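# What the coordinates show
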Amino acid sequence: MKMEGAMGSVAERQDGTVIAGVELVCPRCSNCSIRRDGKTAAGKQRWRCKLCGRIFVVEKDGRISPLVKELADNLIKAGVAVPVLAQAFQGHASKRWLYHRRSVIRECR
Ligand SMILES: [Zn+2]
């Protein structure tokens, strides 16, 4: 599967700082200031949180279609509760992912 959808909205500054759109936040502290930190042994892009130093690999969004993501984002912004969305998106997006999206939307503006 291609990762174009997941990586498309990521802009990168010259100093290597990634400006996280809606994709990249630290899984520990939800900080939006993330930078590249080389590759894993498996060749996946590794990221480092500039705030807490947590190193992580982003892959979960690759399974979510851009349409589902856009729809979910709009509904979350409209204030629809996550449990309701989880039911609506059953089979397309997990409740865990929806909570993650909500935290991203709230933290990164
Ligand atoms: Zn962090």
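Residues numbered from 1 in each chain as written. Predicted model: local features only at pLDDT ≥ 70, side-chain atom pairs only at ≥ 80, totals over all residues.

On to the overall build of the chain, then. Check the secondary structure of the chain and you find 4 helices and 5 strands. Ordered by position from N to C terminus, the α and β elements of the chain give α-β-β-β-β-β-α-α-α. Contacts spanning at least 24 positions in sequence make up 34% of the contacts within the chain whose residues lie at least 6 apart. (Helix = DSSP H or I, 4+ residues; strand = E, 2+ residues; numbered from the N terminus. Contact = placed C-beta atoms within 7 Å.)

Of the pairings in the sheet, the one linking strand β3 (residues 33-39) to strand β4 (residues 45-49) comprises 4 bridges and is antiparallel in character. Looking at β4, one finds that R36 is bridged to W47. Adjacent in sequence and paired antiparallel, β3 and β4 are bridged by 5 residues, among which G43 carries a positive phi angle near 85°. (Pairing = 2+ DSSP bridges.)

A word on helix α2 (residues 66-77). Over its 12 residues, α2 runs 16 Å from end to end, which matches the ideal 16 Å to within 8%, given 1.5 Å per residue. Within two residues after α2, G79 carries a phi angle of roughly 95°, on the positive side. (Expected span 1.5 Å × (residues − 1).)

Let us look at the environment of D37. The residue D37 is located in strand β3 in this model. Residue D37 is classed as partly exposed on the basis of its 16 C-beta neighbours within 10 Å. Along the sequence, D37 and C49 sit 12 residues apart, while their C-alpha atoms lie 9.3 Å from each other. Apart from residues lying up to four places away in sequence, D37 is in contact with R46, W47, R48 and I55. (Buried ≥ 20, exposed ≤ 12 C-beta atoms within 10 Å, placed from the backbone.)

Moving on to the nonpolar core. Core analysis: the biggest nonpolar cluster contains 7 residues, these being V25, C26, C32, I34, W47, C49 and V104. The next biggest cluster of nonpolar side chains, apart from the first, holds 6 residues, and it includes A72, I76, L85 and L98. (Core = buried A, V, L, I, M, F, W, Y, C linked by C-beta atoms within 7 Å.)

Moving on: the environment of S30. Among the structural elements, S30 can be located in the loop between β2 (17-19) and β3. Sequence separation of S30 and L51 is 21 residues, and the distance between their C-alpha atoms is 9.5 Å.

With that out of the way, let us pick up the pairing of β4. Inspection of the sheet shows β4 paired to strand β5 (residues 55-57) by 3 bridges, in the antiparallel sense. When the bridges of β5 are listed, R48 appears paired with I55. Here β4 folds back onto β5 in antiparallel fashion, the turn holding 5 residues, of which G53 has a positive phi close to 80°.

In this section: the confidence of the model for the chain. Looking at the chain, pLDDT values average 75 and 69% of them are 70 or higher. Per-element averaging of pLDDT across the chain places helix α1 (residues 4-7) at the bottom with 42 and helix α3 (residues 82-88) at the top with 92. Below a pLDDT of 50 lies the segment residues 1-10, which in the model reaches 14 contacts outside its immediate sequence neighbourhood of four places, other chains included. Between residues 16-22, whose pLDDT stays under 50, and residues either more than four places distant or in other chains, the model counts 24 contacts. (pLDDT = per-residue confidence, 0-100.)

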